[in-house]
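Next come the chains, spelled out residue by residue.
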Amino acid sequence: MSGYGRGRRWAVLAALVAGLCALPAVVAALPADDADVPATALRDAVLASAGVGFSGYAVSAGGLTLPVSDQLPAVADLLSDRVQLRVWWRGEDEHRVDVVTAAGETGVHVDPAGTWTWEFESATAERTGPAPLALPAPPDLVPAALGRRLLSEAADDELSRIGARRVAGRDALGLRLVPAAPAASVARVDVWADAATGLPLAVQVVADGASVPALDTRFLDLDPTPPPAAVVAFTPPDGARVRPGRDAGGLLAEADRRLTAVPLPAELAGLPRRTLAGAPSSVGVYGRGVTLLAVAPVPARLARGLQAAVRASPDALVDRRGVRLAAGPLGLMLVERPGRGTYVLTGTVTLDALAEAAGQVPGGAP
Amino acid sequence: MIGTELRKTFGRPRTWVTIAVLNALPVLVAVLLRLTDLAPRPGEGPPFLSAVLTNGALFPLAALAIVLPLFLPIAVAVVSGDAVAGEAQAGTLRYLLARPVGRTRLLVAKLVAVMAFVLVTVVVVALVGYAVGSVLFEARPAAGTSVSGTSLTTEELAGRTLLAIGYVAVSMLGVAAFGLFFSTLTDSPLAAALGALAVLVTSSLLFTLDAASPIAPYLPTRYWLAFVDLFRDPVLWRDVVRGLALQGVYVGVLLTAAWANFTTKDVTS
């Protein structure tokens, strides 16, 4: 009798544990409702979602080991680590994105007149004005913003539908972008957009030849209602150190004055030259969509630092054209022109395309 | 029976010695900070410790963060591991069960006593932390700053500190449940406590491994530090809720396992 009762009790326990263990798998296997939406229509819905207000919690996992981590630690961390983001979005020029860490937080509060960046650990609030170009910041990793940016210049024939899945408990329609340019180092970009609002809920960027995404960012929670303005706004608290942030606009103007403009060709590695608002005139930008290449002359001091950082990597390729390195889909090449300074070529193009472009810039070895 | 177990737990000098030893570390840290004025650099060391030099009112939280990773779980593992195995080792379990009470009730009474120990310990650490913080540092109880950079009123800060104390206490329930379960498996309190600690060390180690990320949400220590989320603005409930639910699952499963094992166990000592 006792043995029977004992067996029954352990059976109850086994059933309880089995049920609990199966629960996550059952929730994950809940089917998503797909909708018969063509790829181009889905892209248009994504691009039209810029005005949708929402709040949510997202996680971004980056696998880009940038060789310039000494100069740009914040950018390198953002693209190489797992980053947890709390997002309140009222619009492109009014949102708040907090990078949440176990013991602290960095909050980026964007308003039409500029950006407050709050860092809890140092109790510092930095104010920067609006700039046409800026380094990657936490808001750039929000799936909604990143998905719209990556699809903004996608051509119709580069897009296809890839079914549907559940993201953040919502039905998300899949859209795949495969760049057409032969120089592209991005194999594909998968965007999962909310069926109801068009908001991108998850984005995966996979580099050419890679099996895991170089960047994977997704919402875990999403509330598609606009958050109150009071949550997004920021006023430095008492006792905080308040200081002006780095003036990106001034830096760009300074770069424009100091760098010597070099006549760059109209096409590099098969990519046509384009204009980019805010870029200094000495910097050449080529390509479209997710296949972009930038060419810039760099001052000797910066060039030496970059050379050292790139050459220190065991993956660096060195030949007569220069030294080049790939970090996921991001390529970087330094081309020394005897007596005429150094070029840096960087972008989402293959190392072969970088080498080809290096031979086409004025003064580069053919 | 619960009253008897509570009296037994809090009547033992070693319970209070454990609590005193547990408070020694935060007090030592506070004295060293006061003497050297060398707070950990922002982002390093236990949460809230870097902010203590400017606001002593935050020291209860820093004190909890100091004891949370190791000292507190060790104390809970020792006390819970002793719950049943200690009686068996001392030869008193037989006599305890000779009374007309069910074994299930005894198990529940033991768990309640361990839970009371956890709660008293956490509250004492917070109170000693507040006293030490107020005496050694400049306390600014008028207002505080949330992790998100917004101002918190005294009431908000006090309310969130109380929630944090409650959350840390609940976080220890998983350890207590492991200790209690192992305590029904063996007659050695040391083996039961070490078993519970082995689970915690394994959990803490796996949590740092990327390869273990698929199972990370189910590790018993995964959400321990989520009490920091109570000081964000708005409060980030996500991990707090998950932490509470996870501890509930561990307590439920392990208590069921302890019950399944203990109710028909041959008690010879």
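Residue positions are counted from 1 within each chain, in the order its sequence is given. Both sets of labels track the order of writing: A upward for chains, 1 upward for ligands. In view of the model being predicted, local features appear only for residues whose pLDDT reaches at least 70, and side-chain atom pairs are presented and counted only at 80 or more, with totals across whole chains, interfaces and linings using the full set of residues.

In the nomenclature of an unreviewed UniProt entry, chain B is known as ABC-2 type transport system permease protein of Geodermatophilus saharensis.

For chain A, the name recorded in an unreviewed UniProt entry is Sigma E regulatory protein, MucB/RseB, with Geodermatophilus saharensis as its organism.

Caption draft 1: Just the overall build of chain B, in detail. Looking only at helices and strands, one finds 10 helices and two strands in chain B. Along chain B, helices (α) and strands (β) appear in the sequence α-α-α-α-α-α-β-β-α-α-α-α when read from the amino end. It is over C-alpha atoms that the radius of gyration is taken, and the globule rule equals 2.2 Å times the number of residues to the power 0.38. The C-alpha radius of gyration of chain B comes to 20 Å, within 12% of the 18 Å expected for a compact globule of 269 residues. For the C-alpha atoms alone, the extent of chain B along its principal axes is close to 60 × 45 × 30 Å. The burial criterion counts other C-beta atoms lying within 10 Å of a residue's C-beta, which is placed from the backbone; the residue is buried at 20 or more, exposed at 12 or fewer, and partly exposed between these limits. Burial statistics for chain B: of 269 residues in total, 47% are counted as buried. Put simply, 73% of the contacts in chain B that link residues at least 6 apart link residues at least 24 apart. A run of H or I in DSSP counts as a helix once it spans at least four residues, and a run of E counts as a strand once it spans at least two, with each numbered from the N terminus. By definition, residue pairs are in contact when their C-beta atoms, positioned from the backbone, come within 7 Å.

Caption draft 2: Local environment of helix H8 (residues 173-185) of chain B. All names here are of chain B. The length a helix should cover is 1.5 Å for every residue beyond the first. Here H8 is 13 residues long and its end C-alpha atoms lie 19 Å apart, about the 18 Å a rise of 1.5 Å per residue gives. Counting buried positions over the 13 residues of H8 gives 12, a clear majority of the element. All of the buried residues in H8 are Leu173, Gly174, Val175, Ala176, Ala177, Phe178, Gly179, Leu180, Phe181, Phe182, Ser183 and Thr184.

Caption draft 3: Inspection of the sheet that holds strand E2 (residues 82-91) of chain A at higher detail. Residues and elements named next belong to chain A. Strands were regarded as paired on the criterion that DSSP finds at least two bridges between them. Pairing in this open sheet of 12 strands is mixed, and the strands run E7-E8-E9-E10-E11-E1-E2-E3-E4-E5-E6-E12 from one edge to the other. Since the sheet does not close on itself, it has two edges, and those belong to strand E7 (159-167) and strand E12 (241-244), each with one partner. Each adjacent strand pair in this sheet contributes to an overall mean axis angle of 20°, direction not counted. Sheet topology places strand E8 (residues 170-177) next to strand E9 (residues 186-194); six bridges connect them, and they run antiparallel. Along E9, the bridge assignment pairs Ala172 with Asp194. Contacts between helix H4 (residues 143-151) and the sheet are confined to strand E1 (54-62), E2, E8, E9, strand E10 (200-207) and strand E11 (215-223), with E10 contributing the most and set at about 55° to the helix. Axis definition: a line fit to C-alpha positions, over the contact stretch in the case of helices; interaxial angles, taken between N-to-C directions, run 0 to 180 degrees.

Caption draft 4: How the structure looks around unusual backbone geometry. In this structure, Pro234 of chain B follows Asp233 of chain B across a cis peptide bond, with omega equal to -5°. The residue Pro234 of chain B is located in the loop between helix H9 (189-207) and helix H10 (237-262) in this model. Positive phi, normally seen in glycine, also occurs at Ala168 of chain A, with a value near 50°. Along the chain, Ala168 of chain A turns up in the loop between E7 and E8. Among the residues examined, Ala168 of chain A registers 21 C-beta atoms within 10 Å and is labelled buried. Even without being glycine, Ala269 of chain A reaches a positive phi, approximately 50°. Structurally, Ala269 of chain A is set in the loop between strand E13 (267-268) and strand E14 (271-274). On the basis of neighbour counts, which here come to 24 C-beta atoms within 10 Å, the residue Ala269 of chain A falls in the buried class.

Caption draft 5: Quick peek at the interface of chain A and chain B. Counting residues at the interface gives 31 residues for chain A and 26 residues for chain B. Within the residue set of the side of chain A that touches chain B, elements represented by two or more residues are helix H1 (2-28), strand E3 (94-100) and strand E4 (105-111) of chain A. With 10 residues, the top contributor of residues to the side of chain A that touches chain B is H1 of chain A. The residue classification treats Ala, Val, Leu, Ile, Met, Phe, Trp, Tyr, Cys and Pro as nonpolar and Asp, Glu, Lys and Arg as charged. All others, Gly included, are polar. For the side of chain A that touches chain B, the per-class residue count stands at 17 nonpolar, six polar and eight charged.

Caption draft 6: Fine view of the UniProt feature "transmembrane region" (unreviewed entry) in chain B. Residues and elements named next belong to chain B. UniProt positions are given in the numbering used here, feature names are shortened, and annotations may be inferred rather than shown by experiment. Feature annotation in UniProt assigns "transmembrane region" (unreviewed entry) to the following positions: residues 16-36, 56-85, 106-132, 162-183, 190-209 and 243-262. Along residues 16-36 one finds 100% helix and 0% strand; the C-alpha atoms at either end are 30 Å apart. The span residues 190-209 carries 90% helix and 0% strand; its end-to-end C-alpha distance comes to 29 Å.

Caption draft 7: Examining helix H2 (residues 39-47) of chain A more closely. Residues and elements named next belong to chain A. All of the buried residues along H2 are Ala39, Leu42, Arg43 and Val46. Along the long axis of H2, the arc covered by the buried residues comes to 100°, so they all point the same way. Its buried side turned inward, H2 meets H4, E7, E8, E9 and E10. It is the directions from the helix axis to the C-beta atoms whose arc is reported.

Caption draft 8: Examining the domain arrangement of chain A more closely. Domain parsing of chain A yields domain 1 (1-30), domain 2 (39-244) and domain 3 (248-360). As used throughout, domain bounds are those supplied by an automatic or database domain assignment. One C-alpha centre belongs to domain 1 of chain A, the other to domain 2 of chain A, and the line joining them spans 41 Å.

Caption draft 9: The pairing of strand E18 (residues 322-327) of chain A, seen in detail. Residue and element names in this part refer to chain A. Within E18, five of the six residues are buried, which leaves the element mostly enclosed by the surrounding structure. The pairing of strand E17 (residues 317-319) with E18 spans three bridges and is classified as antiparallel. The residue of E18 that forms the bridge with Asp319 is Gly322. A loop of two residues connects E17 with E18, the two strands running antiparallel in sequence. With five bridges connecting them, E18 and strand E19 (residues 330-336) associate as antiparallel partners. Counterpart to Leu325 in the pairing with E19 is Leu332.

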